[in-house]
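What follows is the residue order along each chain.
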Amino acid sequence: PHAQLESLLQAIHDGTPRRDTLDLSLPTLRDFPLSSEDRVKADSVAMWKVPTLACPPPQAVRLLLNLRAQGFRLGVDTLAWTATARWSLALVARQKLLPVIEAHGAVGDIQWTPVLDDARDGARLSQLIRALPRSGIRSESSREFLILEFVRQAVDALARHVTPRQPRKLPVPSWPQAPRAWVESLRAGHHQFIVQSYAMQGLKRDLERWTRRVRLGPEPRLHFTLIPPEGDATEEQSWSVRVAVYPSDEPDRLIEAARVWDEDLADTPFASYVRMLKSRMMAEMGKISALFPALGRALQDGFPSVIALPAEEVGNFLQETAPLLQEEGSRVVTPDELPTRPSEFRLKISVTEGGSGLGDVLNFNWELALGDEKIDPDTFLAAAESRKSMVRLNRRWVMFDPGKLARAANLIKTHRSQPTGLGDVLRLTLGTEDDPEVEVDFHGSLAGLQEEQQIAVLPPPTSFKGTLRPYQLRGLAWLHFLRNCGLGACLADDMGLGKTIELIALLLRDQEAGRTGPVLLFCPTSVVGNWYRELERFAPSLRVLIHHGTMRLKDESFRHAAERHDVVISTYGLAARDEALLSQVTWAGVVLDEAQNIKNADTAQSRAVRRMPGQFRIALTGTPVENRLAELWSIMDFLNPGLLGTAQSFTRCFVVPIEKGGDTSALRRLRRSVRPLILRRSKTDQSIINDLPEKQEMKVYCPLTREQAEIYQAIVDQMLARISQAEGFQRRGLILTTMMRLKQVCNHPAHVLKDGSPLAGRSGKLARLEDMLEEVVDVDERALVFTQFSEWGERLQVNLKERLGCEVFWLHGGTPRLARDRMVEQFNSRTRAAVFVLSLKAGGTGLNLVGANHVFHYDRWWNPAVENQATDRAFRIGQTRDVQVHKLVSIGTLEESIDRLLERKVELAEGVLSEGEDWLTELSTAELRTLFALRDSEEVMEDA
């Protein structure tokens, strides 16, 4: 009863308390209330009317601080409040408090508020909140609000009844009366002070700026929960974001924003804390509203507890807004089933023939998939039209990039309604950095674009004079297939696999099929003669015209001559110079040999070649990309103009991302687009190895330069006059000397002149050797180069080392044995590219050089046995790779004459001619004149 309670507390109670009765929830045993510590004995919890005494905060705090000293037995709830009062006193003793002002016009309410700005106080506050039992508060009250409000009022009461210390110095404002009045009121313990309204507002603003780090309780943090609409999403349904707040030190204790905004809390004991919390929440929301547009819109309507989020903004919220909010200290919770980034969907088209060629119509169907799950295209289009970033497909939420979604939908709609050719399909697979990936399945007769093995192998042309190996027949079928599809083809086989004869076989098939019109072949000057001889050897039925040299046709007669031939061979150097002349002809096709010569797209010859008209286009190169991806664009733009876009867009979308950023996605898209157009086979391919002989020999025909031809002719004229007057041993010596000097001219003018002059650009044979060795070095293989002249081998070593940038060894008759053995060991043990130049006599026997799989005979010995012995330095036991032997022959010289003679008389070459070159000395002067004569000189000279 009240009277008894008042009597018990009289000794420590100051003032007259107010009697009241409260409904409290207490542990109950057989209809009798128990003290809170007896909860374990209770059989139920019931509501009881309990007599209470209410007193102002100062008296309440004093009462709680003195209860234990009076020997009372206290319940758990009272002990909790006692501990809270003692902690409030400790805060004041530690000066963990600051003054705040609540202004009402000219009247300012003065309060002391606790400063809870360290982890220790935050942890203590959490302990007190957890320790307070439900029996200690009214049922509708909140423990955290009540504890915080008690601490605030207790600190304020205690601060007024202790001797105040000098307050922290405030910045001097522009109006001195307001802060002075405020400080005097604080010292006197007043609850209010009065100044002019404008001065009150200025003081309040400065004080809040000064005390901005004050926290009444743990720092409140915002909590956002994303809630999807129920069922399948439609355009009309919106998502929602529920707002809550939680103490920074207790992230699991959520306080819904609806409770903070609840006006019914205004009359509760913790109303001031609610006002503070509301103010802090509004300030925080205002700060982050620029990051969260939907929140900004909700704040315009009042105090948001649930924020409407349009469906089209959900993706942006998950991708951008949520991470930014979390960086600002808020927490965002999303349902587990929601994706946090856009799904990568795949577009796939199944293509069947509806025609052929870049512009012909195809039949194909769209397929779409998310991972392994297929999506109906119409459902996908409906999702795109809704313009929502988050949609529900196949009973699950899926996030899309709106831009990619729109572009994908546009692709589908466009190619459903418009005719599409092979060029369009390949451009789709290329895409851009923003477009969705498009995969292609080619079916029917187009399946060969997917897998080269799907192309039916063609029989060799009946007019082909030679044998095509199985892999070469497959290359012929591939060229034929792409040509019939109207697509330009890049045959990029390794050197020595027979790109030349595969193209020749294709030209013969066209001839046998009745296809008319000449084919224009561009090649380096150094291989013009080689092409002429190869066509003459394998395809004698093809009429060949060489457009090169100073004697070439340059007027209307060229067009008439070209139309009467099947193949016109010209050089890259003439592509720009004679572009107008060459463009007058209706070419059945344009072919590039060593197509890397147009790798620089900005050169005049590259632009001229790409502009050259032709019904089909083919590029032959062992290195479609030597150094930079831009080289691939130039070749592809010749083969299929526009396929890879402009040079600028290709650089932006592929060159920069791949070469500088290592973008594997861009590389994958590029590879997928060009793969059907490039046939690349190496000598290590399993499908090739079984087709290759162990040793593959080939002739490499090289033209003379003008300088070589002039020196060659001068030597022939001079020496034949002397030979015709000589007899016996003198005649034999002159013949051998003439042959040696003519060989040296074929090697290089500097070799025969022995003047130490520069080498670059003066020998067709040297230029061809350098080009072929560059291909060997590019694939990290090793080569032997044999020459019968030691003085020339020494110059070759220096020149090749400078040109190729790799290790070049040199062995000759004067090399000491230890140095020789060391070079052989180093060469065979290398894993990188290397070249070994050897004099034929010093290196032709007794060496094991199985590290090499290429052998070059730079100048011929004309004795098959000697050459085979040299070749066997690499082709011998221990060699694990096929060996390619390249025999360089200067066109129109005695080298070619003797080579033909040896081929016609194989038995003689291997038997009677085993003596070397001595048999040639028995020839008559007339026979020597025929042998030495420089034939077709205008065709093999380099145009000055």
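Quick note: structure is the one above.
Because the structure is predicted, anything quoted here is derived from the model rather than measured. Throughout, a residue's number is its position along its own chain's written sequence, starting from 1. Per-residue local features are limited, in this predicted model, to residues with pLDDT of at least 70; the limit for side-chain atom pairs, both in listing and counting, is 80 or more; totals at the level of whole chains, interfaces and linings are taken over all residues. With hydrogens and water excluded, all non-hydrogen atoms of the structure serve as input to the side-chain values.

Describing the sheet that holds strand β16 (residues 438-442)
Phase 1: Note on pairing: DSSP must find at least two bridges between two strands before they are called paired. Numbering of helices and strands runs from the N terminus, with a helix taken as a DSSP run of H or I at least four residues long and a strand as a DSSP run of E at least two residues long. A sheet is described by the order of its strands in space; here four strands give the open sequence β13-β12-β11-β16, paired in mixed fashion. Among the strands making up the open sheet, the edge pair consists of β13 (373-375) and β16. Taken pair by pair, the neighbouring strands of this sheet meet at an average axis angle of 35°, ignoring direction.
Phase 2: As judged from the eight bridges shared by strand β11 (residues 345-352) and strand β12 (residues 363-370), these two strands associate in the antiparallel manner. Paired with Leu 347 across the strands is Leu 368, a residue of β12. For every element, the axis is a line fit to its C-alpha atoms; helices are fit only across the contacting stretch, and the angle between N-to-C directions ranges from 0 to 180 degrees.

Quick notes on the sheet that holds strand β20 (residues 567-571)
Phase 1: Strand order in the open sheet formed by seven strands is β19-β20-β18-β21-β22-β17-β23, and the pairing between neighbours is parallel. Only two strands of the sheet have a single partner each, and these edge strands are β19 (544-546) and β23 (678-679).
Phase 2: Sheet contacts for helix α17 (residues 528-538): β18 (519-523), β19, β20, β21 (589-593) and β22 (616-620); angle to β20, the most-contacted strand, approximately 165°. By the convention used here, residues are in contact when the closest approach between their heavy atoms is within 4.5 Å.

Things to note about helix α29 (residues 764-778)
Phase 1: Given a rise of 1.5 Å per residue, 15 residues ought to cover 21 Å, and the 21 Å separating the end C-alpha atoms of α29 matches this to within 8%.
Phase 2: Among the 15 residues of α29, 11 are classified as buried, and the element is accordingly described as predominantly covered.
Phase 3: Burial in α29 covers these residues: Gly 764, Lys 765, Leu 766, Arg 768, Leu 769, Glu 770, Met 772, Leu 773, Glu 775, Val 776 and Val 777. To estimate how far a helix should extend, the number of its residues minus one is multiplied by 1.5 Å. Here the term buried applies to any residue with accessible area under 20% of the maximum for its type, exposed to any over 50%, and partly exposed to those in between, with areas from a 1.4 Å probe on protein chains only.

Notes on the packing of helix α27 (residues 728-747) against helix α36 (residues 925-932)
Phase 1: Packing of α27 against α36 brings their axes to within 12 Å, and their N-to-C directions diverge by 5°. Classed by the angle they form, the pair α27 and α36 counts as roughly parallel. Here Arg 731, Ile 735, Thr 738, Met 739 and Leu 742 of α27 come into contact with α36, specifically with Thr 925, Leu 928 and Phe 932.
Phase 2: Under the convention adopted here, Pro, Cys and the residues Ala, Val, Leu, Ile, Met, Phe, Trp and Tyr are nonpolar, Asp, Glu, Lys and Arg are charged, and Gly plus all remaining residues are polar. Residue classes in the contact of α27 with α36 are distributed as five nonpolar, two polar and one charged. Reported orientations rely on four angle classes, namely roughly parallel under 35 degrees, roughly antiparallel over 145, roughly perpendicular from 65 to 115, and oblique for the rest.

Examining empty space enclosed by the protein
Phase 1: Put simply, the grid is 1 Å and covers the protein atoms alone, a cavity is a trapped set of points that fit a 1.4 Å probe, a pocket is an open set with protein on both sides within 12 Å along at least five of seven lines, and lining residues have an atom within 4 Å of a point. Grid points are joined across faces, edges and corners, and a volume is the space filled by probe spheres set on the points. Taken as a whole, this structure holds six cavities of 30 Å³ or more when the rule is applied.
Phase 2: Of the volumes computed, that of the second largest cavity is approximately 70 Å³.
Phase 3: Lining the second largest cavity are 11 residues; nearest its centre among them are Asp 494, Met 495, Glu 775, Val 776 and Val 779.
Phase 4: Across the lining of the second largest cavity, the residue classes tally to three nonpolar, three polar and five charged.

Quick word on the layout of surface pockets
If you roll a probe as big as a water molecule over the atoms, it shows you where there is empty space left.
Phase 1: By volume, the second largest pocket is sized at about 1,100 Å³.
Phase 2: As for the second largest pocket, its lining consists of 44 residues, of which Glu 534, Arg 537, Glu 697, Met 698 and Lys 699 are closest to the centre.
Phase 3: Residue assignment for the lining of the second largest pocket shows that the elements contributing at least two residues are α16 (499-512), α17, β24 (695-702), α29, α33 (864-871), β29 (883-890), α34 (894-904) and α35 (906-910).

Quick look at the side chain of Arg 762
Phase 1: The topology assignment puts Arg 762 in the loop between α28 (749-753) and α29.
Phase 2: Polar contact is the term for a pair of N or O atoms within 3.5 Å; when the atoms are in protein, one must be able to donate a hydrogen and the other to accept it, and sequence-neighboring residues count only if both atoms are side-chain atoms. A polar contact of 2.5 Å, which involves the side chain of Arg 762, links it to the backbone oxygen of Pro 758.
Phase 3: Here Arg 762 is in contact with Thr 705, Glu 707, Gln 708, His 748, Pro 749, Ala 750, Leu 753 and Ser 757, once residues within four sequence places are set aside.

With respect to the packing of aromatic side chains
Phase 1: Any pair of Phe, Tyr and Trp rings, taking the six-membered ring for Trp, is counted once the centres come within 6.5 Å. Such a pair is stacked with planes under 30 degrees apart, edge-to-face with planes over 60 apart, and tilted for the rest. All chains considered together, the criterion is met by 11 aromatic pairs.
Phase 2: Judged by centre distance (5.8 Å) and plane angle (85°), the ring pair of Phe 224 and Phe 292 falls under edge-to-face. Residue Phe 224 is found in strand β6 (residues 220-227), and its partner Phe 292 is found in the loop between α9 (271-288) and α10 (293-299); the two are separated by 68 residues along the sequence. Each member of the pair, Phe 224 as well as Phe 292, carries the same accessibility label: buried.
Phase 3: In textbook terms, an aromatic cluster arises when at least three aromatic residues are bridged by ring pairs, as seen for Phe 224, Phe 292 and Phe 317.
Phase 4: Ring-over charges, as used throughout, are those where CZ of Arg or NZ of Lys falls within 6 Å of the ring centre and within 35 degrees of the ring normal. Sitting over the face of the ring of Phe 616, Arg 483 holds its NZ or CZ atom 5.5 Å from the ring centroid.

Quick notes on the nonpolar core
Phase 1: Only buried residues count toward a nonpolar core, which is a set of Ala, Val, Leu, Ile, Met, Phe, Trp, Tyr and Cys residues joined through side-chain atoms within 4.5 Å. Counting 116 residues, the largest nonpolar core has Phe 522, Trp 531 and Trp 587 as the members making the most contacts within it.
Phase 2: Every residue in contact with Trp 531, bar those within four places of it in the chain, is listed here: Thr 500, Leu 503, Ile 504, Leu 521, Cys 523, Ile 569, Asp 593 and Leu 620.
Phase 3: If you look at the next biggest cluster of nonpolar residues, it comprises 40 residues, including Ala 85, Leu 116, Ala 178 and Val 195.

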